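In case you want the letters, here they are:
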Amino acid sequence: MTTPLPALIVIDVQRAFDEWEAAGKRRNNPDAVARIADLLQAFRTRGAPIFHIRHEGTKPNSSFLPSRPGYAVKDEAREQPGETVIVKRVNSAFIGTDLEERLRAGNIGTVVICGATTNHCVETTTRMAGNLGFDARLVRDATWTFERIGPDGDKHSAEEIHAMTLSNLNGEFARIVTAGEVIASFAAK
């Protein structure tokens, strides 16, 4: 019996984040979308399952409303015919969607997670994947976040937030990997 291929879960690679940058928010990992494109190519070449997660805003001023330009997916991460698109309205791709059912129906035990942002939808989805018993792999160079101001007024860089999020998830909820390691694992099979 052959082991099912891992599934790639691409979270919220939408133009709203370009708007955030244009408004002056600073992010880390400027090459993350290029790494996501590399992962998409590798998964497509192997015929492995791909799930595109799209965030749909629910607040009137959200950049992620379907009627706004920010809802659109960045060209590099756009789905191809036959690839699954799942729309979520909260941080986790598992809440209010059929993602878990689709993974289980496909007998998929390993998920490779990338997208935006590291400490929000990526982190929440990764935690839930681990809690649901999936072998989760979070791709450190294929996700990014933005700087933030903490509740005490402290400024936290995007790099610090990204690193802390990866540290929090590592080992307990997921294995932290690079896009190169994921692609090399396909070549080894």
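Residues numbered from 1 in each chain as written. Predicted model: local features only at pLDDT ≥ 70, side-chain atom pairs only at ≥ 80, totals over all residues. Heavy atoms only, no water.

S.K.: Now, about the environment of histidine 156: what can you tell me, with residues and values included?
M.R.: Looking at the secondary structure, you find histidine 156 in strand 7 (residues 155–156). On the accessibility criterion, histidine 156 (33% relative accessible area) is partly exposed. For histidine 156 and phenylalanine 146, which are ten residues apart along the polypeptide, the C-alpha to C-alpha distance reads 9.0 Å. (Helix = DSSP H or I, 4+ residues; strand = E, 2+ residues; numbered from the N terminus. Buried < 20%, exposed > 50% of the residue type's maximum accessible area, 1.4 Å probe, protein only.)

S.K.: Give a detailed account of empty space enclosed by the protein, specifying residues and quantitative values.
M.R.: Overall, the coordinates contain two cavities of 30 Å³ or more when judged by the stated rule. Taken as a whole, the largest cavity spans an internal volume of roughly 70 Å³. In terms of lining, the largest cavity is formed by Val10, Asp12, Val13, Gln14, His52, Ile53, Arg54, Val73, Ala77 and Glu79. There is about 30 Å³ of room inside the second largest cavity. Forming the boundary of the second largest cavity are Trp20, Thr117, Asn119, His120, Thr145, Phe146 and Arg148. (1 Å grid on protein atoms, 1.4 Å probe; cavity = no way out; pocket = protein on both sides within 12 Å on 5 of 7 lines; lining within 4 Å. Points joined across faces, edges and corners; volume = space filled by probe spheres on them.)

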